[in-house]
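# Structural overview for review
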Amino acid sequence: MSGATGTQRAAGPRIRPHVGLRAGVDIGATKTLVVLRDDADGLLAEAETATPARRGGDAIMDTAAELVRGVLAEVGANPAALTGVGVGAAGVISAGGMVTAAGDSFSGWVGTKIDLELSRRLDRVPVRSENDVTAFLRAELGELGADRPRHALAVAVGTGVGGALLVDGRLLRGGGAGAGEIGHIGDFGDEPCSCGRRGHLEAYAGGRALTRRYAAATSRQWSAERVASSALGGDPVAMAVFERAGRCLGMAIGQATGLLGIDLAILGGGVVRSWQLLERPLLEALRQHPLVSGRSVAIRLSELGERAVALGAVALVSPAPD
Ligand SMILES: [Zn+2]
C-alpha cells in the first residue's frame with residue numbers, strides 16, 4: 001500500500017457532549033489506523049492512512065496526529081475534548097513511551113518519544129503507548145470478558161511477527177529487550193531477518209518473508225496475500241512457503257508456551273487470514289512440543305480484525321486499564 005488512502009466512517013448528528021472521548025492509534029509498518037470512541041456510543045469514527053515508516057519519527061507522529069484530528073472533526077470535536085489517546089506501536093516501547101528498537105521497515109523511529117511527541121501535537125492531551133501486539137492482546141482479553149484467561153500468548157503475523165504475553169493475569173512488558181518478541185527467536189535456517197540476524201521466526205512466517213521466499217523461487221514479487229491465493233489454487237511453491245511458515249510458527253509457539261506454562265495462543269494479523277494454509281503444519285509442529293504438564297495449547301483466532309490494535313490502545317487509556 002502506498003500514498004494516503006483515507007477511509008472514514010461518518011457519524012450521525014449529535015447534540016449531547018461526548019463523555020469519555022478517547023482515541024486509539026495503531027502505528028504499524030504499513031499503515032496507521034485510528035479509532036475514536038466514547039462511553040455512550042462506543043465506536044464513533046475511524047480512519048487510516050499509509051505510515052511514513054521511512055521518513056522518521058516526526059513524520060510518523062505528524063501522520064498520527066493528523067488522523068486523530070480528522071476523526072475528531074468528523075464528530076465535531078477537537079483535541080481538548082479527549083480524555084486520552086492510547087497508542088499501540090510497532091517496535092519495543094519503553095515504559096515511558098519511547099521506541100527503543102524497531103525492525104528495518106522503519107527509519108528514524110528508534111528514539112521517538114511517542115507519549116511526549118503525540119501529546120505535544122494534540123494540545124497536551126494525555127498519551128500512553130505500548131507495543132502493538134500487547135495492545136492487540138489487551139483488546140482480545142477485553143472481548144473475552146468473564147472468560148478472560150489468566151495466561152495467554154498473542155502472536156501477530158503481519159509484515160513481521162510480533163508477540164505479547166499474559167502470565168498470571170498480568171500483561172508482561174519486560175525490560176529493554178521487550179517481552180514476548182517471538183518473531184526474533186528460533187533457529188529455523190539461513191533466511192535473513194529484519195533485525196539483521198538469520199533464521200528467526202519472522203524470516204519464515206512474516207508477510208515480507210513470504211514475499212521474499214516466493215520471489216527467490218519464482219522471480220515473482222508477489223504480496224503475501226497473492227502468494228496465499230496462488231497456494232489455494234494449487235501452486236506448489238506457494239504451498240511450500242506457507243507450509244514452512246506454519247511449521248515455524250507451531251515450533252516457536254510450542255517453545256514459548258512451554259517455557260511459560262501457557263495453554264492458550266491467540267493469533268491475529270494479515271497472514272493469519274490464510275489460516276487454512278497454516279493450520280495443519282502449525283498444529284502438527286505444536287503437537288511435537290507438548291507442555292510437560294500434558295495440557296495441550298489451545299489456538300484462538302482473533303475476531304477483531306484490523307481494528308484490534310487500535311481498540312486495545314483505547315483500552316490502555318480507559319479508566320481501569322489492565
Ligand atoms: Zn530477527
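Preceding this section is the structure that the text describes.
Scanning all chains against the criterion turns up three aromatic pairs. Centroid distance Phe188 to Tyr204: 6.5 Å. Interplanar angle 75°. Geometry classified as edge-to-face. Here Phe188 is found in the loop between strand 10 (170–171) and helix 4 (202–205), whereas its partner Tyr204 is found in helix 4, with 16 residues between them in sequence. On the numbers, 5.3 Å between centres and 20° between planes, the contact of Tyr214 with Trp222 is stacked.

Right, let's talk about the packing of helix 3 (residues 132–144) against helix 9 (residues 308–316) for a bit. Where helix 3 meets helix 9, the axes come as close as 7 Å, and the angle between the chain directions of the two elements is 80°. By the angle class used here, helix 3 and helix 9 are roughly perpendicular. Side by side, helix 3 and helix 9 meet where Asp132, Ala135, Phe136, Arg138 and Ala139 of the first sit next to Ala308, Val309, Leu311, Gly312, Ala313, Ala315 and Leu316 of the second. Class assignment of the residues belonging to the contact of helix 3 with helix 9 gives a composition of nine nonpolar, one polar and two charged.

The element strand 1 (residues 22–27) is largely enclosed, with a buried count of six among its six residues. What you see with strand 1 is no split at all: Arg22, Gly24 and Asp26 on one side and Ala23, Val25 and Ile27 on the other are buried throughout. Relative to strand 2 (residues 31–38), strand 1 is paired through six bridges, and the arrangement is antiparallel. Residue pairing in the sheet places Val25 in a bridge with Val34 of strand 2. In this structure, the hairpin formed by strand 1 and strand 2 is closed by a connection of three residues. Across six bridges, the pairing between strand 1 and strand 4 (residues 84–89) is parallel.

Moving on, we come to the sheet that holds strand 2. With respect to topology, five strands assemble into an open sheet ordered 3-2-1-4-7, the strand pairing being mixed. In this open sheet, the two strands that pair with only one neighbour each are strand 3 (42–50) and strand 7 (127–131). Between one strand axis and the next, the sheet turns by 15° as a mean value, whatever way the strands run. Sheet strands in contact with helix 1 (residues 57–74) are strand 1, strand 2 and strand 3, and its direction is about 145° off that of strand 3. Contacting strand 1, strand 4 and strand 7, helix 3 runs over the sheet at an angle of about 100° to strand 7.

Protein ligation of the zinc ion involves His184 (ND1), Cys193 (SG), Cys195 (SG) and His200 (ND1), the donor distances falling in the range 2.0 to 2.3 Å. Considering all four donor atoms around the zinc ion, the spread of angles at the metal, 97 to 121°, places the coordination shape in the tetrahedral class.

Here Arg121 lies in helix 2 (residues 114–121). If we ignore the near neighbours within four places in the chain, the residues touching Arg121 are Asp58, Met61, Asp62, Ala65 and Arg69.

Here the focus is the nonpolar core. Of all hydrophobic cores here, the largest spans 41 residues; its most connected members are Val155, Ile182, Leu201 and Ile253. Those elements that place two or more of their residues in this core are strand 8 (152–157), strand 9 (161–167), helix 4, helix 5 (207–218), helix 6 (224–232), helix 7 (236–260), strand 11 (264–268) and helix 8 (275–287). Sorting elements by how many residues they give to this core places helix 7 first, with nine residues. Those residues within four positions of Ile182 in sequence are excluded, and the remaining contacts are Leu153, Val155, Val161, Gly162, Gly163, Leu201, Ala252, Ile253 and Ala256. Within the second largest apolar cluster, 34 residues are counted, among which are Leu21, Leu44, Leu82 and Ile114.

Next up on the list: the sheet that holds strand 10. Either a parallel or an antiparallel arrangement is found when strands of a sheet pair, and the pairing is made through backbone hydrogen bonds. Overall, mixed pairing links the five strands, which are arranged 10-9-8-11-12 in an open sheet. One side of each edge strand has no neighbouring strand; the edge strands of this open sheet are strand 10 and strand 12 (298–301). Judged from the four bridges that link them, strand 11 and strand 12 form a sheet pairing that is parallel. Looking at strand 12, one finds that Ala265 is bridged to Ile299. Docked against the sheet, helix 8 engages strand 11 and strand 12, running at close to 160° with respect to strand 12.

What counts and how
Residues numbered from 1 in each chain as written. Predicted model: local features only at pLDDT ≥ 70, side-chain atom pairs only at ≥ 80, totals over all residues. Heavy atoms only, no water. Phe/Tyr/Trp six-rings, centres within 6.5 Å; stacked < 30°, edge-to-face > 60°. Helix = DSSP H or I, 4+ residues; strand = E, 2+ residues; numbered from the N terminus. Axes fitted to C-alpha atoms, helices over the stretch in contact; angles between N-to-C directions. Parallel < 35°, antiparallel > 145°, perpendicular 65-115°, else oblique. Contact = heavy atoms within 4.5 Å. Nonpolar A, V, L, I, M, F, W, Y, C, P; charged D, E, K, R; others polar. Buried < 20%, exposed > 50% of the residue type's maximum accessible area, 1.4 Å probe, protein only. Pairing = 2+ DSSP bridges. Donors = N, O, S within 2.8 Å, 3.2 Å for Na, K, Ca; no water. Tetrahedral: all angles 85-135°; square planar, octahedral: opposite > 155°, others 65-115°. Core = buried A, V, L, I, M, F, W, Y, C linked by side-chain atoms within 4.5 Å.

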